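Each chain, letter by letter, is given below.
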Amino acid sequence: EQIADPESADQRADLFSVGVMLFRMATGRLPEKSLAASEINTLLDRKWDAFFSTALAADKQGRFSDASAMNQALQDLESHWRIQKELACDYHTPTREDQESPDAPMVQRSEPMLVPVAAARKTLGLDQLWRPVKPLAADLVAQKEGTILDRKSGLLWQRSGSAYPLTWDTAQEYVRTLNDRHFAGRTGWRLPTVPELVSLIQEKSTTTDYCIAPLFDRRQKSLWTSDRRSRLAAWYVSVDLGFVAWQDITCFYHVRAVCSPMLRKKGGETEAAGRRRENGGEEQVS
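Below or above, wherever it landed, is the structure these notes cover. (Residues numbered from 1 in each chain as written. Predicted model: local features only at pLDDT ≥ 70, side-chain atom pairs only at ≥ 80, totals over all residues. Heavy atoms only, no water.)

## A look at the nonpolar core
We count it as follows: The nonpolar core is taken to be a set of buried Ala, Val, Leu, Ile, Met, Phe, Trp, Tyr and Cys residues, with the residues joined through side-chain atoms within 4.5 Å. We call a residue buried when its accessible area falls under 20% of the maximum for its residue type, exposed when it is over 50%, and partly exposed in between, using a 1.4 Å probe and counting protein chains only. Every helix listed is a DSSP run of H or I at least four residues long, and every strand listed is a run of E at least two residues long, numbered separately from the N terminus.
Of all hydrophobic cores here, the largest spans 29 residues; its most connected members are Leu124, Leu140, Phe216, Trp235 and Val244. Among the secondary structure elements, those contributing two or more residues to this core are helix H6 (117-124), strand S1 (140-142), helix H8 (194-198), strand S8 (233-238) and strand S9 (243-248). Membership of the second largest hydrophobic core comes to 23 residues, among which are Ala171, Val175, Tyr236 and Ala257.

## A short note on the sheet that holds S9
Rules: Between any two strands, at least two bridges found by DSSP are needed for them to pair. Angles shown run from 0 to 180 degrees and are taken between the N-to-C directions of axes, each axis being a line fitted to C-alpha atoms and, for helices, limited to the stretch in contact.
Spatially, S7-S8-S9 is the arrangement adopted by the 3 strands of the open sheet, whose pairing is antiparallel. The outermost strands of the open sheet, each flanked by one partner alone, are strand S7 (222-230) and S9. Between one strand axis and the next, the sheet turns by 35 degrees as a mean value, whatever way the strands run. Bridge count for S7 against S8 is 5 bridges, and the pairing is antiparallel. The partner of arginine 228 across the bridge, within S8, is alanine 234.

## Here we look at the pairing of S8
Most of S8 sits inside the fold, with 6 of its 6 residues counted as buried. Because side chains alternate across S8, one face comprises the buried residues Ala233, Trp235 and Val237, and the other comprises Ala234, Tyr236 and Ser238, equally buried. Hairpin connection of S7 to S8: 2 residues between the antiparallel strands. Bridge count for S8 against S9 is 6 bridges, and the pairing is antiparallel. Bridging from a neighbouring strand, serine 238 pairs with phenylalanine 243 of S9.

## Points about unusual backbone geometry
Residues other than glycine seldom take positive phi values, yet tryptophan 130 does so here, at roughly 65 degrees. Judged by relative accessible area, which is 1%, tryptophan 130 ranks as buried. In this structure, histidine 182 takes a positive phi of about 55 degrees despite not being glycine. Structurally, histidine 182 can be placed in the loop between helix H7 (168-180) and strand S4 (189-190).

Rendered as structure tokens:
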């Protein structure tokens, strides 16, 4: 347009470029006439296709008239996205098996498990509200490199975690990035299991309120675990409300990675023991 008739080219040429950029952000690819955005990224739907159909119209008369109109359409898309996300990621309705599963204590483990819903309360040690019957309380001490050590289990945790909510598959990539960066000098970072993550929850004075230890960053409220519910769903933990639930792996939750204790000896003591000795004066929470 700008080459063929520069005098008639206007803001709609620039908005076309913005549409190309947004399409690539949403799909990872440049626009193609025969391929809709929802066919590339299954998290998108027809409302996104309609937006890009207008933003990338070959005839400028079919595009957004100005930046304000395009911005309003984006705001409408955001509202639609949030509604769809809440519907997809809402806490599931308990089944009859959920209510009848007997209460049992939680067992510590580091290996991921496939835990079907019918066996979840018994396997994970949860009550009828899907909270831990007897949490494995941690003994926590802050470290200097942005981590927190559980002196009881030897597990090393991120103090914070992912800056943004991630899908379960993207959470795996986030953990791989931590290992590539040698975060805190380690390469054994991974997603925690349900029992490991639940060990960070602390019961308040009432029987209904839970919270995470104040040493941790509280911006990450719902955290993915490595345990799967099925091929397309995984378990997560709400650390602010203290319950365990499952969701589709395309839903968005934060990540707080964990690193298992290293067994290398340091002058006759384990590394975990050395850390306890070196950090004996640090702030701690039992």
